[in-house]
Amino acid sequence: MFYGWAKRNTRPEVKSDESKRNKLNGMLCVDAISGKEFFRLSVGSKTEDVSEYLAELCLDSIEAGYTDLCIMMDRNPTHKEKMQNQLKLHLEQMGLSQEIKVE
């Protein structure tokens with residue numbers, strides 16, 4: 001075991017300049033039944049990035065033999081109506097809108 005003394009409400013601080021750091025956003029879907037993961041890294045996390053990721057998920061799901069897909073998301077603003085409309089547009093452009101039903 002370790003025991004140490006320090007002044008109250010103190011802790012070490014690591015200086016960091018986040019403005020110069022290259023960031024990646026991770027997007028992850030997990031199949032609730034099989035546990036299979038669908039993971040992508042993206043430089044951006046805007047509505048367009050999320051809808052492109054979900055279109056890739058739909059393509060992967062169609063290739064796996066699925067015809068229906070239920071996607072549950074948190075309340076992030078990028079997941080609202082604009083993203084859903086963009087996903088429909090991506091599916092139409094990919095020729096997948098008749099292949100899978102997304103809820």
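This section reports on the structure supplied with the text. Source: prediction; values computed, not measured.

About the thresholds
- Residues numbered from 1 in each chain as written.
- Predicted model: local features only at pLDDT ≥ 70, side-chain atom pairs only at ≥ 80, totals over all residues.
- Heavy atoms only, no water.
- Helix = DSSP H or I, 4+ residues; strand = E, 2+ residues; numbered from the N terminus.
- Expected span 1.5 Å × (residues − 1).
- Buried < 20%, exposed > 50% of the residue type's maximum accessible area, 1.4 Å probe, protein only.
- Arc of directions from axis to C-beta.
- Contact = heavy atoms within 4.5 Å.
- Patch = residues over 30% accessible without salt bridge, like charges linked within 9 Å, V, L, I, M, F, W, Y side chains within 5 Å.
- Areas by Shrake-Rupley, 256 points an atom, 1.4 Å probe, with all protein chains shown as cover.
- Salt bridge = Lys/Arg side-chain N within 4 Å of Asp/Glu carboxyl O.
- Phe/Tyr/Trp six-rings, centres within 6.5 Å; stacked < 30°, edge-to-face > 60°.

Details of helix α2 (residues 81–93)
Taking 1.5 Å per residue, 13 residues should reach 18 Å; α2 reaches 18 Å between its end C-alpha atoms and fits that length. Turning to α2, its buried residues are Met83, Gln86, Leu87, His90 and Leu91. All buried residues of α2 fall inside an arc of 140° around its axis, so they share one side. Facing away from the buried side of α2, by more than 90 degrees, are the exposed residues Glu81, Lys82, Lys88 and Glu92. Contacts from the buried residues of α2 go to α1 (47–63) and β4 (101–102). Directly after α2, the chain includes Gly95, whose backbone phi takes a positive value near 75°.

A short note on a nonpolar patch on the surface
Where nonpolar side chains cluster on the molecular surface, the patch consists of Leu24, Leu28, Val30, Phe39, Leu41 and Val43 and spans about 630 Å² of accessible area. Of all the secondary-structure elements, those providing two or more residues to the nonpolar patch are β1 (25–30) and β2 (37–42). Looking at where Leu41 falls in the secondary structure, it is placed in strand β2. Judged by relative accessible area, which is 53%, Leu41 ranks as exposed.

A closer look at the packing of aromatic side chains
Under the definition given, this model contains one aromatic pair. Seen in terms of ring centroids, Phe38 and Tyr53 are 5.4 Å apart; in terms of plane orientation they differ by 40°. Their pairing is tilted. Here Phe38, found in strand β2, pairs with Tyr53, found in helix α1; they are 15 residues apart in sequence, far enough to count as distant. Overall, the relative accessible area of 7% leaves Phe38 in the buried class.

Digging into α1
Taking 1.5 Å per residue, 17 residues should reach 24 Å; α1 reaches 25 Å between its end C-alpha atoms and fits that length. Within the span of α1, buried status applies to Thr47, Val50, Ser51, Tyr53, Leu54, Ala55, Leu57, Cys58, Ser61 and Ile62. Buried positions along α1 lie against β1, β2, β3 (68–69), α2 and β4. One or two steps after α1, the chain reaches Gly65, where phi turns positive at roughly 100°.

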